[in-house]
Amino acid sequence: MAMAGLYRRMLPSPPAIDFASSEGKQLFLEAIQGGTMEGFYRLISYFQTQSEPAYCGLASLSMVLNALAIDPGRKWKGPWRWFDESMLDCCEPLEKVKEKGISFGKLVCLAYCAGAKVEAFRTNQSTIDDFRKYIIRCSASEDCHVISSYHRGAFKQTGTGHFSPIGGYHAGRDMALILDVARFKYPPHWVPLTLLWEAMDRVDDATGQRRGFVLVSRPHREPGLLYTLSCKHENWVGIAKYLVDEVPKIVKSKDFKDFEEVLTVLFTSLPSNFGEFVKWVAEVRRREDGDHSLSQEEKERLALKEEVLRQVQETMLFKHVVTFLSSVNSCCRSMSVLVHKNELPDIAEKVCCQGARILAGKFDSSERFYCRETCVKCLKANSDKPVTLVSGTVVNGSIEQEVDVLVPSSQIGGCGCGPSNCIGIYPAGNDILTVLILALPKETWSGIRDEKLSRQILGLVTTENLPTLLQEEVLHLRRQLHILRRCQENKVDEDLAAPSI
């Protein structure tokens, strides 16, 4: 019985030149000699085919992020951290992308959220000469890649809007190499750069905006070492709105006399489930044959997290927050959520179950995971400093997993298994609230009326005097908050600029 379907498309040539054709190979060799194919090798090593017909944007971005060796900070499958289309969902639900694709602005949003350095331009915000300079710059480097948003019609191809990375440039012919992620449809191909510009200089009917291009680079340090904002929770929109819009109004509306009064008003009016919005990033791994030893890479990552934590806890703001929280009455609903979750044994079961779910590749699954046993340990090998380890036996149906979670801590006391035997200062409500206050937009405090109090607060929250690691951590959170606000206001396609921090 015959089955209807499509097997590839014939590449219209001209205007395109098939990369694998004789002419395409000659262009490739000449471009190598011209020094404008350096970025190609990284990209081709991670070249992928979009897994859904409308996933061209997600495939292009995950390909570029992997080529830049940006660590996503969370597991893909098994123990592996790796960017995949399925992980790029912080700005638009995957089901919606699967149905309609993703807009240029939301792709830019995703790149920011993934921790990349981003420069984005629509054609009405740039020129063809600037575009050529960017293409040459990135094609001659391994540290920068260009993703183009264009209309296929300009190349006489079937389809409409599309995203793909640019793999190289031929200066003599002024041609760009498109690494088309719809490999089931068209192979990689060379196109005249002037025609590519025309293809980008078309209006996207879905947004009413012109298409364009994105320069994606690797930041000099992995962002979000210890803290991150989560838009997975259903209340994230309300929380982001409260932090960015409502807090400045509260600050301006009241005549505060001291900083404790400011903290009281801000924290007691926090939205419900606030603790689900700010997360600390833990290292999760599957235990093999009862082995608790740490690799050198795990030790280095944990050391960085612990240094960030130590720097948070050495700020004067942290001391104010600790003093305030210690005096909070447990009847305060929003505060008690943060205060009572500070005991590590209390969160061990949840963390282990979440870790097992991630390792099993079932993060969004409704399957039930429960912890049959948890244990908090302090490990010390050779001359290494002690490490806090939460171990658990997690059951999912008939399957059991032994899971370890490496917990960053700045101070460790007694060791052993049990609720009170491992004493450490690990990420908890105190420091999470501290970094959140630091991450609020700097204009948040402009409404403080008392000049002395205003100077005190600015002295506590200014990022200029923070140690480098903590400063970058705070600025990353501030960028995330800014981007989430854009998403909440549905303005990501209107404002492509990097967050003003």
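Residues numbered from 1 in each chain as written. Predicted model: local features only at pLDDT ≥ 70, side-chain atom pairs only at ≥ 80, totals over all residues. Heavy atoms only, no water.

**Quick word on the environment of A439**
- Mapped onto the elements of the fold, A439 is located in helix α14 (residues 429-439).
- On the accessibility criterion, A439 (2% relative accessible area) is buried.
- Along the primary structure A439 and H476 are separated by 37 residues, whereas in three dimensions their C-alpha atoms are 8.3 Å apart. (Helix = DSSP H or I, 4+ residues; strand = E, 2+ residues; numbered from the N terminus. Buried < 20%, exposed > 50% of the residue type's maximum accessible area, 1.4 Å probe, protein only.)

**Re the pattern of salt bridges**
- Scanning the model with the defined rule gives 13 salt bridges in all.
- In this structure, the salt-bridge partner of K98 is E95, at a minimum N-O distance of 3.6 Å. Here K98 pairs with E95, and both are found in helix α4 (residues 94-100), just three residues apart, close to one helical turn.
- By relative accessible area, which is 34% here, K98 ends up partly exposed. (Salt bridge = Lys/Arg side-chain N within 4 Å of Asp/Glu carboxyl O.)

**Re the packing of helix α6 (residues 128-139) against helix α7 (residues 193-200)**
- Close contact between α6 and α7 brings their axes to 11 Å; oriented N to C, the two are set at 115°. By the angle between their axes, α6 is roughly perpendicular relative to α7. At the point where α6 passes α7, the crossing takes the right-handed sense. Side by side, α6 and α7 meet where I128, F131, R132 and I135 of the first sit next to L193, T194, L196, W197 and M200 of the second.
- Across the contact of α6 with α7, the residue classes tally to seven nonpolar, one polar and one charged. (Axes fitted to C-alpha atoms, helices over the stretch in contact; angles between N-to-C directions. Parallel < 35°, antiparallel > 145°, perpendicular 65-115°, else oblique. Left-handed = near helix turned anticlockwise from the far one by under 90°. Contact = heavy atoms within 4.5 Å. Nonpolar A, V, L, I, M, F, W, Y, C, P; charged D, E, K, R; others polar.)

**Some thoughts on the nonpolar core**
- Within the largest apolar cluster, 55 residues are counted, with the highest numbers of intra-cluster contacts made by Y227, F277 and W445.
- Looking at this core element by element, the count peaks at eight residues for helix α8 (residues 236-253).
- A31, F47, A59 and M175 belong to the second largest nonpolar core, which has 47 residues in total. (Core = buried A, V, L, I, M, F, W, Y, C linked by side-chain atoms within 4.5 Å.)

**Digging into the packing of aromatic side chains**
- Counted under the stated rule, the structure contains twelve aromatic pairs.
- Plain terms: the ring middles of F19 and F40 are 5.8 Å apart, the flat faces sit at 40° to each other, and that makes the pair tilted. Taken together, the positions of F19 in the loop between β1 (17-18) and α1 (22-33) and F40 in helix α2 (residues 38-45) put the pair 21 residues apart, joining distant regions of the chain. You'll find F19 and F40 in the same group, each marked buried.
- Ring plane angle 80° and centroid distance 5.6 Å describe the contact between F40 and Y41, whose orientation is recorded as edge-to-face.
- Judged by relative accessible area, F40 falls into the buried class, the value being 6%.
- In this structure Y41 comes out as partly exposed when scored by relative accessible area, which is 37%.
- A network of ring pairs unites the aromatic residues F121, F131, Y134, W197 and F213 as a single cluster. (Phe/Tyr/Trp six-rings, centres within 6.5 Å; stacked < 30°, edge-to-face > 60°.)

**Some points on helix α15 (residues 451-461)**
- For α15, the complete set of buried residues consists of L453, S454, I457, L460 and V461. All buried residues of α15 project into a common sector of 130° when viewed along the axis, lining one side. Exposed side chains of α15 directed beyond 90 degrees from the buried face belong to E451, K452, R455 and G459.
- In this fold, the buried residues of α15 make contact with α9 (259-268), α11 (316-326) and α14.
- Where α15 begins, the side chain of D450 points an oxygen toward the backbone nitrogen of K452, at a separation of 3.0 Å. (Arc of directions from axis to C-beta. Polar contact = N/O pair within 3.5 Å; in protein donor to acceptor, adjacent residues only side chain to side chain.)

**Topic: unusual backbone geometry**
- Note that the residue after S13, namely P14, is joined by a cis bond; omega there is 0°.
- By the secondary structure assignment, P14 is in the segment before β1.
- The backbone of A69 shows a phi angle near 60°, a positive value even though the residue is not glycine.
- Structurally, the position occupied by A69 is in the loop between α3 (56-67) and β2 (75-77).
- Positive phi outside glycine occurs at D174, with the angle close to 50°.

**A word on the pairing of strand β6 (residues 161-170)**
- Most of β6 sits out of view: nine of its ten residues are buried.
- Once β6 ends, the chain turns through four residues before running back antiparallel as strand β7 (residues 175-178), passing D174 with a positive phi of about 50°. (Pairing = 2+ DSSP bridges.)

**Let's talk about α9**
- Every buried residue of α9 is listed here: F259, V262, L263, L266 and F267. An end-on view of α9 places all buried positions within 110° of arc, on one side of the element.
- The N-capping residue of α9, defined by a side-chain oxygen 3.3 Å from the backbone nitrogen of E260, is D258.

**Some remarks on the state of the cysteines**
- The full count for this structure, using the stated rule, is one disulfide.
- Two residues, C138 and C144, share a disulfide whose sulfurs are 2.1 Å apart.
- Assessed through its relative accessible area of 3%, C138 is described here as buried. (Disulfide = S-S within 2.5 Å.)

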